[in-house]
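A structural walkthrough
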Amino acid sequence: MTVSGEIYPAPQDGTDDAAELLSAQKEQKKRNTLNLLIFSVAGVFFGIDADQVAEISAYQGEKGEDLFWFHEEMGYGEKAVRYSSPAIATIRNGGVAPYRVIIDSMEDIAEFKHKDIRLFPTLLEPYLLRRGIWGILPRNGNMILLLDFKRLYLERGGGNILI
Amino acid sequence: MRLTTRFVLLNIIIVIASIAITTGFALFHIHKEINRQANVAQENRLNTFWELLRSKGSDFQIVNGKLLAGNYVVNGNFELPDRIKEIFGGTATIFMGDTRVTTNVLKEDGSRAIGTKLVGAAYDAVIKGGKPYRGEAMILGIPYFTAYDPIKNNRGEIIGVLYVGVKKSDFFAAYDELKTGVIIMAIALAIVLTFFTGFMVKRSLSPLKLMVGSLKEITDNDSGVTILTKRMTAISQDEIGDVSKEVNNLLDKMHHIMTMVDGVSKRISSHTETITETVTQHAGFTSQLSSSVMEISSTMEEFSSTAAQIAQHSQGVAENADQSQLDINKSAHGMENLAMKMSEIMQDNEANLHEVVELGRKSKEINKVMEIINSIASQTKLIAFNAALEAASAGEAGKRFGVVAVEIRRLADNVVESTAEIESKISEIMSAVDRFIISSEKGSKRIIEGREYSGQALEMLSVVVSGAEVTNDTAKQISLSTHQQQIASSQVLLALREIEQGTRYSTQSIQQFSAISKDLKGISQEFEDYMNQFRLEEKPR
């Protein structure tokens, strides 16, 4: 995944080939948008890149070494967290090791523009990146914390992930 | 005026009066004796003068303007007057008519006073009256004892007057000296006796002064209180001393009496206060009694009025009781019908309850179906999410598929929402069913209770019917009794008015008694004030 706040150059004028132009425009558009899976845990909204999620399945009480509760991964502390409609999100980690996270209250899978995403100040960014949080997206009066599960997996010592 | 002064003045007056009276009495008698002796001497002198004149001739006549005694010419012949003067002294004169024709009286120039006239009382008595005259007369400004006899002729006519006289001073010179000496002596004696008497009076009355001082200490001291514990100290051995002793005895008795009077006064004062308090309390009690009686009277008037109304109403009650008895019989019949209807309602209620329970059971079955639908919707939603993930990962190619996935997810969400709403409604129905069942069960219980109550009411109504008969009789009795009560309350009211009148009189009497007791208290206080003017005990030192 490429995460940056850089400005992507627009296609240059003066090309003769319209197909190439259309393809370039599509590529440009793809670079300018991001599909996010929106969910909430304990009233806090989170968003992850839909490309990082391989599958979503219902949680039926099963357990496993590769299965983690989201609030434990995020370090919610000792506070008890109640899940109203838990579901298992299987994270793509390049097949190195299975990595599944139990999330709650899935809201939507939608496309958002890069320019709507707010990055953290330089002073806070290193700390938050260690917690897997890389940005904020305002939506409908709510703040959505954007997560990078792969980075989170690496931070917890899950080995190398092939990106 | 002080007693000593009065005594001294009285003594002075007595002494002076005594001396004056004694002296006056002595001098008066001396004067009287001198007068008598002077008269005797005058008579002797006049008789001698007559003898001398008659020795010259016993026939008296006036011839040629000359007085003759026999042949002896009297006019200008001074033998006889001078002879009288030689024998007795004094003056002698013979008048022819009222004119001096011979005399030994000398004028201031030393010549004989011949030719002068007889005037005054002697003239009137002798010349006019033909009577002898004895008395005093002023001769040439000098007082004389005089004696005049008429000289008559043979025909008894007064032709002249024979006169002898002597100066008063010849008789009273010694008397005057004696009088002066006696008066001087009397004055001197009066002065001496006055001082002596005054001294003696003062000395005699000095114990009286001491007694007055002691009495002043007892009665007229600074505190203004009569000190009955003090006594007369200076007691002389005379009548004043006796008076002091008697005064002491009197003070003893007075002290004894005043001590008793003081005790009695205090007791009277104490009793008076008690009487006043008692009267005040009694007045208050009587006042309360009066107001209570008035309140009772007022209440009894209301009571009497109420009794009349009760009597009137009780008559109505008796009439209503008859009507009530009829109504109660009808009510008993109605209650039997009510019990039958209650049984029918109970049966209907049990049938309804059975139907409602069945409805609850079916609602629960619907709930189970809704759970299945909900599970399917959740699975559908997951599938839709996975499809959306796949579509997202497929890029532009999965766009349409993603739209379908979104629609499916929305449908699933709608199903979930609908099922949730249905579940909510079913829950409300279940709650309503539960409440209805509970309510129906309570209603059943109440219907059963109502049936029981209606049965009891029916039984009670039969009792009430018999009671109504008794009530009817009782109401008639009450009507009779209330009528009697009305008469009794009127009598009580009459008695209360008499009591109120009596209480009013009693209040007035107590007020008078209170006023009298207050006066008595004032008198007692006044009496104590009087008693405070006497000190009956020694002052503590």
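Everything below is about the structure shown above.
Since the model is a prediction, treat every value here as computed from it, not as a measurement.

Moving on to the overall build of chain B. Helices and strands together make up the secondary structure of chain B, namely six helices and 10 strands. In chain B, which comprises 541 residues, the proportion classed as buried is 17%. The long-range share in chain B, meaning contacts at least 24 apart out of those at least 6 apart in sequence, stands at 69%.

This part takes up the pairing of strand S9 (residues 142–147) of chain A. All names here are of chain A. In terms of strand pairing, strand S2 (residues 44–49) meets S9 through four bridges, oriented parallel. Each bridged residue has a counterpart across the sheet, and for phenylalanine 45 the counterpart in S9 is isoleucine 144. With six bridges connecting them, strand S8 (residues 133–139) and S9 associate as antiparallel partners. Directly across from proline 138, in S9, lies its bridge partner methionine 143. Linking S8 back to S9 in an antiparallel pair, the connection comprises two residues, with asparagine 140 at a positive phi of about 50°.

On to the sheet that holds strand S2 (residues 66–69) of chain B, then. Residues and elements named next belong to chain B. Strand order in the open sheet made by the three strands is S1-S2-S3, with antiparallel pairing throughout. The open sheet terminates on both sides in strands that have one partner only, identified here as strand S1 (60–63) and strand S3 (72–73). Direction of pairing for S1 relative to S2: antiparallel, over a ladder of four bridges. What sits directly across from valine 63, in S2, is lysine 66.

Turning our eyes to something else, we now look at the environment of Glu72(A). Residue and element names in this part refer to chain A. Relative to the helices and strands, glutamate 72 is located in helix H2 (residues 70–73). Residue classification places glutamate 72 among the exposed residues on the basis of 12 C-beta atoms within 10 Å. Sequence-wise, glutamate 72 and isoleucine 102 are 30 residues apart; in three dimensions their C-alpha atoms are separated by 9.8 Å.

Moving on: the nonpolar core. Core analysis: the biggest nonpolar cluster contains 38 residues, and Leu37(A), Val53(A), Ile103(A), Phe385(B), Ala388(B) and Leu389(B) have the highest contact counts within it. At eight residues, helix H5 (residues 239–394) of chain B tops the list of elements feeding residues into this core. Sequence-distant contacts of Leu389(B), defined by excluding residues within four places in its chain, comprise Ala50(A), Val53(A), Ile56(A) and Ile109(A).

Let us look at the interface of chain A and chain B. On the side of chain B, 10 residues touch chain A, which itself brings 12 residues to the contact. For the side of chain A that touches chain B, the secondary-structure elements that each account for two or more residues are strand S3 (53–58) and strand S7 (106–113) of chain A. At five residues, S3(A) tops the list of elements feeding residues into the side of chain A that touches chain B.

Below, the discussion takes up the packing of H5(B) against helix H6 (residues 399–531) of chain B. Residue and element names in this part refer to chain B. Between H5 and H6, whose axes approach to 1 Å, the crossing angle comes to 180°. Classed by the angle they form, the pair H5 and H6 counts as roughly antiparallel. Taken together, the residues of the contact of H5 with H6 sort by class into 74 nonpolar, 51 polar and 20 charged.

The next thing to look at is the packing of helix H4 (residues 168–219) of chain B against H5(B). Residues and elements named next belong to chain B. Viewed as axis vectors pointing N to C, H4 and H5 meet at an angle of 20°, and their least axial separation amounts to 8 Å. The orientation of H4 with respect to H5, classified from their angle, is roughly parallel. Between H4 and H5 lies a crossing of right-handed hand. When H4 is examined against H5, the residues Pro207, Leu208 and Met211 are found in contact with a partner set consisting of Ile240, Gly241, Val243 and Ser244. Residue composition of the contact of H4 with H5, grouped by class: five nonpolar, two polar and no charged.

About the cut-offs
- Residues numbered from 1 in each chain as written.
- Chains lettered and ligands numbered in written order.
- Predicted model: local features only at pLDDT ≥ 70, side-chain atom pairs only at ≥ 80, totals over all residues.
- Helix = DSSP H or I, 4+ residues; strand = E, 2+ residues; numbered from the N terminus.
- Buried ≥ 20, exposed ≤ 12 C-beta atoms within 10 Å, placed from the backbone.
- Contact = placed C-beta atoms within 7 Å.
- Pairing = 2+ DSSP bridges.
- Core = buried A, V, L, I, M, F, W, Y, C linked by C-beta atoms within 7 Å.
- Axes fitted to C-alpha atoms, helices over the stretch in contact; angles between N-to-C directions.
- Parallel < 35°, antiparallel > 145°, perpendicular 65-115°, else oblique.
- Nonpolar A, V, L, I, M, F, W, Y, C, P; charged D, E, K, R; others polar.
- Left-handed = near helix turned anticlockwise from the far one by under 90°.

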